[in-house]
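Examining the three-dimensional arrangement
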Amino acid sequence: MSEPRIVATGLLFPEGPIAEADGSVLLVEIARGTLSRVAPDGEVTVVAECGGGPNGAAYGPDGKIYICNNGGCFEFNDVMGLMVPGEVPSAWSGGSIQRVDPATGEVETVYTESSSGPLRAPNDLVFDEFGGFWFTDHGLRFERASDRTGLHYATIDGSSCVERVHPLDAPNGIGLSPDGSRLYAAETHTGRVWAWNVTSPGEVDTSDLLGSGGGELLHGAPGRQLFDSLAVDGEGWICVATIGNGGITAISPDGETVEHLPLPDLLVTNICFVDDEPRAFATLSGTGQLVEIDWPRPGLKLHFP
């Protein structure tokens, strides 16, 4: 596989990449509080001022961008030249789901609460074919305490946001199998990926009594590896951005085979595919880079736009 190609540098903890038809990439800069666009030549422009900590991003069926905003739940520190998230700032007051008009930059707040109560730190999201979306609430970690959070399913009209899976330990990346029958989520600090069978739109089977949130354990990473956001490729492999062992960890749908693509950053945080092509973009957040990579399988074209 060829070396990663640097598309942009100087980004302030990039995440949530979305490949656009014109070759540009939309992404969030968490430490900057923006939704930004990276042109093919690497020029970066701000699309919207989201405030807080915009994290995951995805197109909805209405052509708007939906943002998981963690509310600015991290202070960012320079650690040996890397930008590293740290403590929860005293000013943090909660997270939200936002809607951004990419043409005007207008930002609306869609949800600040779910059926379980106030949102803590929404992290990543994925739309299903019906136009609803699943998202993770990563929660917060303090010196001697940590949230137990879960997975939520919401509609874009602001009328319904329901926690469907609980409890999980810092759920981060989330994705759906190509046929929509399986839901996957990664826990950051345990380095585990869990799977649930989707029983109907917005509903999953949580009957596994030994699994976190009633899920099936698909993969547990050995050693000191943390899992961040994820995407599913066209053959159903779950491709998880990996921290520590910086790169992308790809897990076969049955969990039996695991591949790792190393990338030059300890804090690789997300990946997105270029429709059904064998190409992807990855965010290298510690060094503030967006890179393009070749992928051994076709990507998975998302339902929207």
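Here, every reference points to the structure presented above.
Below is a short write-up of the structure.

How each quantity is defined
- Residues numbered from 1 in each chain as written.
- Predicted model: local features only at pLDDT ≥ 70, side-chain atom pairs only at ≥ 80, totals over all residues.
- Heavy atoms only, no water.
- Helix = DSSP H or I, 4+ residues; strand = E, 2+ residues; numbered from the N terminus.
- Pairing = 2+ DSSP bridges.
- Axes fitted to C-alpha atoms, helices over the stretch in contact; angles between N-to-C directions.
- Buried < 20%, exposed > 50% of the residue type's maximum accessible area, 1.4 Å probe, protein only.
- 1 Å grid on protein atoms, 1.4 Å probe; cavity = no way out; pocket = protein on both sides within 12 Å on 5 of 7 lines; lining within 4 Å.
- Points joined across faces, edges and corners; volume = space filled by probe spheres on them.
- Nonpolar A, V, L, I, M, F, W, Y, C, P; charged D, E, K, R; others polar.
- Phe/Tyr/Trp six-rings, centres within 6.5 Å; stacked < 30°, edge-to-face > 60°.
- Lys NZ or Arg CZ within 6 Å of the ring centre and 35° of its normal.

With omega at 0°, the peptide bond leading from H166 into P167 counts as cis. With respect to the helices and strands, P167 occurs in strand β17 (residues 161–168). Note the cis peptide between F304 and P305, where omega equals 5°. Structurally, the position occupied by P305 is in the segment after β29 (289–294). Positioned with a positive phi, F13 is a non-glycine residue whose angle comes to about 55°.

The strand order β1-β29-β28-β27 describes an open sheet built from four strands, whose pairing is antiparallel. Each having just a single partner strand, β1 (5–8) and β27 (268–273) make up the two edges of the open sheet. Across the sheet, the axes of successive neighbouring strands diverge by a mean angle of 30°, strand direction being ignored. By the bridge criterion, three bridges tie β1 to β29 in an arrangement that is antiparallel. Note on β29: the bridge partner recorded for R5 is E292.

Here we take up the pairing of strand β7 (residues 65–69). Counting buried positions over the five residues of β7 gives five, a clear majority of the element. In β7, alternate side chains face the same way, and those of I65, I67 and N69 on one face and Y66 and C68 on the other are all buried. Bridge analysis of strand β6 (residues 54–59) against β7 gives four bridges, and the strand direction is antiparallel. What sits directly across from Y59, in β7, is I65. Connecting β6 to the antiparallel partner β7 that follows it, the hairpin turn spans five residues, and G63 within it adopts a positive phi of roughly 80°. By the bridge criterion, five bridges tie β7 to strand β10 (residues 96–100) in an arrangement that is antiparallel. Within β10, the residue paired with C68 across the bridge is I97.

As a further point, take the layout of surface pockets. By volume, the largest pocket amounts to about 850 Å³. In this structure, the largest pocket is lined by 43 residues; those nearest its centre are I18, C272, F273, L300 and L302. Of the residues belonging to the lining of the largest pocket, the class tally is 30 nonpolar, seven polar and six charged. Considering only enclosed or pocket space, the second largest pocket measures out at about 560 Å³ in volume. Every residue lining the second largest pocket is counted, 26 residues in all, and those nearest its centre are F74, P85, H189, L226 and I243. Looking at the lining of the second largest pocket, the elements with two or more residues in it are β9 (82–85) and β23 (226–232). Residues of the lining of the second largest pocket, tallied by class, amount to 13 nonpolar, 10 polar and three charged.

Our next topic: the sheet that holds β10. An order of β6-β7-β10-β11 is seen for the four strands of this open sheet, with the pairing classed as antiparallel. Taken across any chain shown, the strands that pair with only one partner, and hence form the sheet edges, are β6 and β11 (107–111). Within the sheet, the average angular offset between the axes of one strand and its neighbour, ignoring direction, is 30°. In the sheet, β10 pairs with β11 via four bridges, with the strands oriented antiparallel. In the sheet register, Q98 faces β11, and the bridge partner there is T109.

Across all of its chains, the model carries nine aromatic pairs by this definition. Taken together, a centroid distance of 5.6 Å and an interplanar angle of 70° make the contact between Y66 and F127 edge-to-face. With Y66 in strand β7 and F127 in strand β14 (residues 122–127), the pair connects residues that are 61 residues apart, well separated along the chain. This pair shows no difference in class: Y66 is buried, exactly as F127 is. These aromatic residues form a ring-pair network of at least three members: Y66, F127, F133, F135 and F304. Seen from the ring of W237, R297 lies directly overhead, with NZ or CZ sitting 3.9 Å from the centre.

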